Amino acid sequence: METTVTKKYTFKDFASDQEVRWCPGCDDYVILRSMQKALPEMGVKKEDVVFISGIGCSSRFPYYMDTYGMHGIHGRAPAIATGVKLANPDLSVWIITGDGDAMAIGGNHFIHLLRRNIDLNIILFNNEIYGLTKGQFSPTSLVGQKTKSSPYGNTQPPFSPGELAIGAQARFFARIGGNTPKEMTDIFIQSEKFKGTALVEILQNCVIFNDGCFTQYTDKAVRADKQLFVEHGKPMIFGKERDKGLVLNGLKLEVVTIGENGITQEDLLVHNAKEQDPTLHQMLVRLEYPLVTGIIRSFDDVTLEEREDDLTAAVKYNSKFVKTDDLFFSGETYEVK
Amino acid sequence: MLTEKIEPQIEALEAVIIRFVGDSGDGMQLTGTQFSDTSAMFGNDIATFPNYPSEIRAPQGSLYGVSGFQVHIGSVEISTPGDNVDLLVAMNPAGLKTNLHAVKPGHTIIVDTDSFTKKNLEKALYESNPLEDGSLENYRVIEVAMTTLTREALKDVEGLENKIITRSKNMFALGMVYWMYDRSTEHTIEFFNKKFKTKPSIIEANSKVLKAGFYFAETLELIPNSYTILPAKMNPGTYRIIMGNTATAWGFLAAAEKSGLELFLGSYPITPATDILHELVKHKHFGVKAFQAEDEIAGISSAIGASFAGDLALTTTSGPGLALKGEALGLAMMVELPLVVVNVQRGGPSTGLPTKTEQSDLLQAMYGRNGESPVIVIAASTPSNCFDYAFEASKLALEHMTPVVLLSDGYIANGSAPWKIKSVKDMPDIKNNKITEVKENWHPYDRNEESLARNWAIPGTEGLEHRIGGLEKDKVTGNVSYVPENHEYMTKIRAEKIKRVQNYIPDITTEFADEGNLLVVGWGGTYGSLHSAVKQLNEEGHTNIGFAHFNYINPLPKNTEALLKKFKKIIVCELNNGQFAKVLRINFSGYKFLQFNKIQGLPFANSELTEKFKNLAK
Ligand code: SF4
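Residues numbered from 1 in each chain as written. Chains lettered and ligands numbered in written order. Predicted model: local features only at pLDDT ≥ 70, side-chain atom pairs only at ≥ 80, totals over all residues. Heavy atoms only, no water.

**Description of the domain arrangement of chain B**
Residues and elements named next belong to chain B.
Item 1. Entries for chain B in the domain assignment read domain 1 (10-229), domain 2 (238-505) and domain 3 (510-617).
Item 2. Taking the mean C-alpha position of each, domain 2 and domain 3 sit 28 Å from one another.
Item 3. The interface of domain 2 with domain 3 comprises 34 residues on the first partner and 27 residues on the second.
Item 4. Both faces combined, the contact of domain 2 with domain 3 buries some 2,500 Å², and carbon together with sulfur accounts for 61% of it. (Domains from an automatic or database assignment. Contact = heavy atoms within 4.5 Å. Buried area = accessible area lost by both parts, 1.4 Å probe.)

Right under this line is the structure:
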């Protein structure tokens, strides 16, 4: 959104009068609050903001935002949002979805949206479970995970959302823990600034059906040691002591310790989110230790709207048709007297 | 075989039906289109129907590779492409074999004898050459060595590839037919000049062959002198020949212009609806946003998004696609957004008969969704009125804030007919329910008192931020509501909103008789067949048969029952197993609805209709 906004909003302007109905302790509250805090910082007009969701716990989100919104049908939010954005490219469009909504029933729309690179944002609440239907395994549940629909353990290997998305040509991918509102707020702002489809995966804890699924990475006590928060142009460094980092060893990423084996900070990889070649971004996405968070990929590319606009302008310029009459009465017509 | 010399005769015919058939590569579509265009410009009424093979590149000479084009022209009103033909032009044995059954006994067949080679006869599964074994003795067969004659005509034209020479033999056939029916070659030559502007040798070749065919027919003594079909009495005005699918697309263009909204199409390719997508993608100059989606569901979902954002939104599909769109259509109904869904019906169920026509999606359109989910259903009935009903579907959707299903079918979608061109300025106004200013105590589900349409607040409008969705709404605020009484209220008001559309649509009228022994009832694409059958009977003196054809299915016109009352018997004719009859039974319990159904992927034949009606009307 390029429009300058004179009106100054606060987070309260974006909260609707509807009572929030998620389970107490659910990370969804953190996401909602982060979004309400991020929006006043984006420079968009409130009336230009549209939230479109599918079905699932996350998809109640639009009801809690005092913006335009549509709670759609299961898996179809990307398609609905595509129509909204193509109809009015001036809007700031946000898709709210979950792991089941985006990657199971809506998998087709999800990948095609990413491929097209329409300028909108997807917030993916990944809790590795179906919450609203009360606890079945999802396309991101782990093998062996016991759920209501896999009492003896899940046998279906999971998707990694980032890997799938980048495979589908996502130009922007960020991942963030559901309990880090400050970073999350900033990522929301960055994703709005990004011109193209921006996907933000949130590691969202479901306290009821999959409690603690990300604790090994997101718990305050271990976060600094287990997560590498990447920033464009900065070395890939992590650890409580800021003494760990990543280097490339052949075709593998390797964790090294600064000060050991002659390693200095200069040896560490420097994050380039803007690189077109997704190879390293994919490796970062796949890494299990440390878990990479932050904006992993942010490659500027032409959007679908830009392509369409250019084409429309060219066709209009070359066309003799201005009104439908010009078309209807053109070519092979004849008179009956 | 009639080989004796026939004395020249000059005869004015009321109407004639001609079918051009040949291999897919023989250019039969072009030949037929040229003949029909020329006839239309001469002033005839016309109706045409193409018949393509379903395989994209069927083997040459094979029975399933035959491509055909039927033209019905007349000095009288023509409402269908016709059943059996007066003239068959067969460019190869396969074409003859697959179409002979359609030739009226004693009538004419023109064949290209050069194509009746041993190999082609085998491919057409002929055990002996039909031109020699006497099997065609009931027809007047005109044997012409078209390939040889075409070659001969082009021997002086330099720089032509062999392929182009043999390909232009269809123009030889066309030239002959032009002479036989007293048509000028002028229009077609003009067409060559435009079409091949940059290739003068092709213009020359085609024109030469066309004229060669014309003069050949003139000098050939086997051909009776040319017939003529005088201009038909048609309303004065500017006309063009239009295909049903094109007319549908143009109706939406007109509706967008009239309503001042931008047009959005979300669509996924499916036979026989794809031509609407093909047509609309061309019109970026009018600001049309045509989006080819990843699947049927995304087609309709993107249209719902565009409608939410304030566009005139539509999605196009055929039967199986409508099934996939069902859930999203329910959402559009629930959020009460304007949306047009075009279903160009084809033979079902499942993949069914994709290239054949049928009317078997009526109940799907009416009821194919979960929950109580009424939508407006209307149907176009001729190739040219596809324009009017596309416009009307848009108008109803926008004015009543509801999805509208527009039913067309393969028969009218691919058929073409003259269209008296309509200018947008002559079309009725389209209002919409947009609100642009904040009113005190405003709610997204505030309704128009008369139509019950809710208001349409689009994103970007300051102060009207609101949320909609598939969950049940509170009747006032539009917020999610699980209150039992509210759900019942909302269910009823959604139904009532559709019912009240009756107040905005025209009454149904009868043709030929206002009362009598038999009322013939039809809907949608069968108009032409039913109309001409009842008309014929009427002219033969069966003045007690009336005809009522429905374009508005849900809701039905207000006066429907008043009209049913006036006839002793009612027969509902449909290309399905009786779906509209079911709808009528649900609505009008005191009547006996007889049925006449055909489920062969084919339109009604005149003879089967007239026979049935005659017996019933006694
Ligand atoms: S079920 Fe899980 S995801 Fe859903 S609201 Fe409750 S805690 Fe959150």
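**Considering the sheet that holds strand 17 (residues 467-469) of chain B**
Sheet strands pair via backbone hydrogen bonds, and the direction of the pair is either parallel or antiparallel.
Item 1. Strand order across the open sheet formed by nine strands is 7(A)-11(A)-5(A)-6(A)-4(A)-3(A)-1(A)-2(A)-17(B), with mixed pairing between neighbours. A single partner strand is all that each edge strand has here, and the edge strands are strand 7 (227-230) of chain A together with strand 17 of chain B. Averaged over all adjacent pairs, the angle separating strand axes in this sheet is 20°, with direction ignored.
Item 2. Bridge count between strand 1 (residues 49-53) of chain A and strand 2 (residues 68-71) of chain A: four bridges; the pairing is parallel. Across the sheet, the residue bridging to I52 of chain A is M70 of chain A, located in strand 2 of chain A.
Item 3. Taken strand by strand, helix 12 (residues 319-335) of chain B contacts strand 2 of chain A together with strand 17 of chain B, and its axis lies near 140° from that of strand 17 of chain B. (Pairing = 2+ DSSP bridges. Helix = DSSP H or I, 4+ residues; strand = E, 2+ residues; numbered from the N terminus. Axes fitted to C-alpha atoms, helices over the stretch in contact; angles between N-to-C directions.)

**A closer look at the packing of helix 1 (residues 28-42) of chain B against helix 6 (residues 169-180) of chain B**
Residue and element names in this part refer to chain B.
Item 1. Across the interface, helix 1 lies against helix 6 with an axial gap of 10 Å and an inter-helix angle of 25°. Looking at the two axes, helix 1 sits roughly parallel to helix 6. At the point where helix 1 passes helix 6, the crossing takes the right-handed sense. Residues M28, L30, T31, Q34, F35 and T38 of helix 1 touch helix 6, and the partners they reach there are N170, M171, L174, V177 and Y178.
Item 2. Here the residues of the contact of helix 1 with helix 6 are counted per class, giving seven nonpolar, four polar and no charged. (Parallel < 35°, antiparallel > 145°, perpendicular 65-115°, else oblique. Left-handed = near helix turned anticlockwise from the far one by under 90°. Nonpolar A, V, L, I, M, F, W, Y, C, P; charged D, E, K, R; others polar.)

**Some details on the site of the ligand**
Item 1. W22, C23, C26, C57, N127, Q204, C206, V207, I208 and F209 of chain A make up every residue found near the ligand.
Item 2. Class assignment of the residues belonging to the shell around the ligand gives a composition of eight nonpolar, two polar and no charged. (Near = heavy atom within 4 Å.)

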